[in-house]
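Commentary on secondary and tertiary structure
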Amino acid sequence: MKRDLYIDFAKGLATLSIIFIHTAFWSGQLYLPSEVRTLSLLIDVPVFFALSGLTSGNNVEKTLYRLLKLQVTYMIFVTFLFFLDGFMKLGIFNIFGPEGMQSYYTVFGTKYGVPNLDSAFNWDMLGNWWLHSYSNCDSFPVVMGSFWYLKVYYIVTVFGVLALKFFPKHIKWLIGVCLALTVYFNIDNDVMKNFAPYYPSGQVGYVAFYLAIFLIATQLKGKKIKNVFVPVLYGLVALSLVFWYFGNEVFYKFNKQKFPPKIPYIVWSLISLVTIFVLYNRLKITKDNFINYIGKNAIFYYFAQGMSSSLVYFLIPPLKDSINIWVLMVIVYVLNVILAILFAEVLKKVDDYGWKVLEFLRKKTAEN
């Protein structure tokens, strides 16, 4: 099947947006105003679920095989991260001593404690990482802070392909159920006093919303939204933004509406979702470019940006009081992208080597 370059292009732009989000929300909290962090969420995680739905089918075996490969790649990455983190702790301690180690890790803020050498190679932690228990990585805190998406992606993809395989005639009903659950989870007790507001713990709230996006996207696969509906869709989005008055307090705490996704964040995400669907089969990308390359290798950039977004923290203390914050934001973001590119290329090599090691072990342990 011919590759849809629009999907790669959109995924590449979304990946660059994620890098900007983590630039704004992590190191950016040291100097950027809340308004910038809120605006950065315009192109966020919902876009990836929409793009995934536009490329998904009902082949269960193929989907599970793809997820299995992703899991192995993930395990190779966190194993690499585990050893890198451990050696960094030992190196920083041996070179700079206890005070230098404390100075290094306190750059990340009071939320993260200074690690001790006993945690340099905590094998329990590696096992938990393999099983998607995202305890903090001391040297690269942004990595585990952004991994919540991966677990939800696994769940949504499995449920999505099973729905497409076994309930193809009832997808619209399933979308309705997911949207109804999302609304129910966001019910305000002052609006419906007979129902207690309820938002389930764990992954249920995430899956209800993101599975709805995924399934809606599958229904648009190969189709083009008619021109007459484009202004209608954007009009509805505008009305939603006006109708749902967020107020300053919510605006300044917008990121908290994302975990799990609540109505303010959902309405805000409609802007990018509608744009992705409107441009699908309308915007023609005829040649590969670097943004497409990022989109094709999005998983490695996803891993890499957690590392790069952690390192750019060290730029902020010496520069934030001597340079304009907007200039600083641009500098930090550009450097973050450059570092992410470099790390992504390294991680591709690490992944390739990891698969070769596994293939070697497979051959050595296979029956003659």
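For every chain, the first residue of the written sequence is number 1, and numbering continues from 1 onward in sequence order. Since the coordinates come from a predicted model, pLDDT governs what is reported: local features require at least 70, and pairs of side-chain atoms require 80 or more to be given and counted, while whole-chain, interface and lining totals use all residues. To get the side-chain values, take all heavy atoms of the structure and skip hydrogens and water.

A word on the nonpolar core. Here, nonpolar core refers to any group of buried Ala, Val, Leu, Ile, Met, Phe, Trp, Tyr and Cys residues whose side-chain atoms link them within 4.5 Å. The classification of residues rests on relative accessible area computed with a 1.4 Å probe and restricted to protein chains. Under 20% of the type maximum is buried, over 50% is exposed, and intermediate values are partly exposed. By size, the foremost hydrophobic cluster in this structure holds 100 residues, and its most contacted members are Trp129, Phe147 and Tyr210. Examining the composition of this core, we find that twelve residues originate from one element, helix H4 (residues 60-105), more than from any other. Secondary structure elements follow DSSP: runs of H or I no shorter than four residues count as helices, runs of E no shorter than two count as strands, and numbering proceeds from the N terminus.

Turning our eyes to something else, we now look at the environment of Ile155. Mapped onto the elements of the fold, Ile155 is located in helix H7 (residues 148-166). The exposure class assigned to Ile155 is partly exposed, which follows from its relative accessible area of 25%. Along the sequence, Ile155 and Gln203 sit 48 residues apart, while their C-alpha atoms lie 8.8 Å from each other. Residue contacts are counted whenever heavy atoms from the two residues lie within 4.5 Å of one another. Once residues lying within four places of it in the same chain are set aside, the contact partners of Ile155 are Gln203 and Val207.

With that settled, the discussion passes to unusual backbone geometry. The omega torsion of the bond from Phe259 to Pro260 falls at -5°, within 30 degrees of zero and hence cis. With respect to the helices, strands and loops of the structure, Pro260 is situated in the loop between helix H11 (247-252) and helix H12 (263-279). Residues other than glycine seldom take positive phi values, yet His132 does so here, at roughly 65°. Residue Asn281 is not a glycine yet carries a positive backbone phi of 60°. Following the sequence through the fold, Asn281 ends up in the loop between H12 and helix H13 (290-296).

Within the secondary structure, Ile266 is located in helix H12. A residue is classified by how much of its surface remains accessible, and Ile266, at 11% relative accessible area, is buried. Sequence separation of Ile266 and Phe209 is 57 residues, and the distance between their C-alpha atoms is 8.5 Å. Setting aside residues no more than four positions away along its own chain, Ile266 makes contact with Thr182, Phe209 and Pro261.

With that settled, the discussion passes to the packing of H4 against helix H16 (residues 325-365). Orientation is described by lines fitted to C-alpha atoms, with helices fitted over the stretch in contact, and by angles between N-to-C directions that extend from 0 to 180 degrees. Where H4 contacts H16, the axes come no closer than 9 Å and their chain directions differ by 110°. Our classification of the angle between H4 and H16 gives roughly perpendicular. Mapping the contact onto sequence places Lys69, Val72, Thr73, Ile76, Phe77 and Phe80 in H4 and Leu347, Val350, Asp351, Gly354, Trp355 and Leu358 in H16. Side-chain classes follow a simple rule in which Ala, Val, Leu, Ile, Met, Phe, Trp, Tyr, Cys and Pro form the nonpolar group, Asp, Glu, Lys and Arg form the charged group, and the remainder, Gly included, forms the polar group. For the contact of H4 with H16, a count of residues per class yields eight nonpolar, two polar and two charged. Small angles under 35 degrees read as roughly parallel and large ones over 145 as roughly antiparallel, with 65 to 115 read as roughly perpendicular and the rest as oblique.

Let's shift gears to the side chain of His22. Topologically, His22 is positioned in helix H1 (residues 5-25). With residues up to four places along the chain from it excluded, the contact list for His22 reads Ser27, Val142, Ser146, Gln305 and Ser309.

Moving on to the pattern of salt bridges. Whenever a carboxyl oxygen of Asp or Glu lies within 4 Å of a side-chain nitrogen of Lys or Arg, that contact is scored as a salt bridge. Evaluated as defined, the whole model comprises six salt bridges. The closest approach of N and O atoms between Lys89 and Asp138, which form a salt bridge, is 2.7 Å. With Lys89 in helix H4 and Asp138 in the loop between helix H5 (123-130) and helix H6 (141-145), this residue pair connects regions lying 49 residues apart in the sequence. We note that Lys89, like Asp138, is buried. In this structure, Arg362 engages Glu359 in a salt bridge whose closest nitrogen and oxygen atoms are separated by 2.7 Å. Placement of both Arg362 and Glu359 in helix H16 is noted, with a separation of three residues, approximately one turn of the helix. Relative accessible area serves as the criterion here: at 47%, Arg362 is assigned to the partly exposed category. Judged by its relative accessible area of 33%, Glu359 falls in the partly exposed class.

Bringing helix H9 (residues 204-220) into the picture now. How far a helix is expected to stretch is found by multiplying one less than its residue total by 1.5 Å. Compared with the 24 Å implied by 1.5 Å per residue over 17 residues, the 25 Å span of H9 between its first and last C-alpha is a close match. With 13 of 17 residues buried, H9 lies mostly within the body of the structure.

With that out of the way, let us pick up the packing of aromatic side chains. We call Phe, Tyr and Trp rings a pair once their centres come within 6.5 Å, taking the six-membered ring for Trp, and we label the pair stacked below 30 degrees between planes, edge-to-face above 60, and tilted otherwise. Applying the stated rule across the entire model yields 35 aromatic pairs. Each ring, one from Tyr74 and one from Phe147, has its centre 5.3 Å from the other, and the planes form 75°; the classification is edge-to-face. Here Tyr74, found in helix H4, pairs with Phe147, found in the loop between H6 and H7; they are 73 residues apart in sequence, far enough to count as distant. In this pair, the class of Tyr74 matches that of Phe147, namely buried. The interplanar angle of 40° and the centroid separation of 5.5 Å between the aromatic rings of Trp148 and Tyr206 together place this pair among those described as tilted. Here Trp148, found in helix H7, pairs with Tyr206, found in helix H9; they are 58 residues apart in sequence, far enough to count as distant. Take Trp148: its relative accessible area is 15%, and that puts it in the buried class.

Right, let's talk about the packing of helix H3 (residues 45-55) against H9 for a bit. Where H3 meets H9, the closest approach of the two axes is 7 Å, and the angle between their N-to-C directions is 40°. Between H3 and H9, the angle is such that the two are oblique. At the point where H3 passes H9, the crossing takes the right-handed sense. Contacts between H3 and H9 involve Val45, Pro46, Phe49, Ala50, Ser52, Gly53 and Leu54 on the former and, on the latter, Phe209, Tyr210, Ile213, Phe214, Ala217, Thr218 and Leu220. Considering only residue class, the contact of H3 with H9 consists of eleven nonpolar, three polar and no charged. In a left-handed crossing the near helix is turned counterclockwise from the far helix by less than a right angle, and in a right-handed crossing that turn is clockwise.

Right, let's get into a nonpolar patch on the surface. Taken together, the side chains of Tyr353, Trp355, Val357, Leu358, Phe360 and Leu361 present a nonpolar region at the surface, about 580 Å² in accessible area. With respect to the helices and strands, the residue Phe360 is situated in helix H16. Exposure above 30% relative accessible area and the absence of a salt bridge qualify a residue for a patch, where like charges join within 9 Å and nonpolar side chains (Val, Leu, Ile, Met, Phe, Trp, Tyr) within 5 Å. Accessible surface area values rest on a Shrake-Rupley calculation with a 1.4 Å probe, where residue burial reflects the displayed protein chains alone.

The quantities given are spatial measurements derived from coordinates; they are silent on function.
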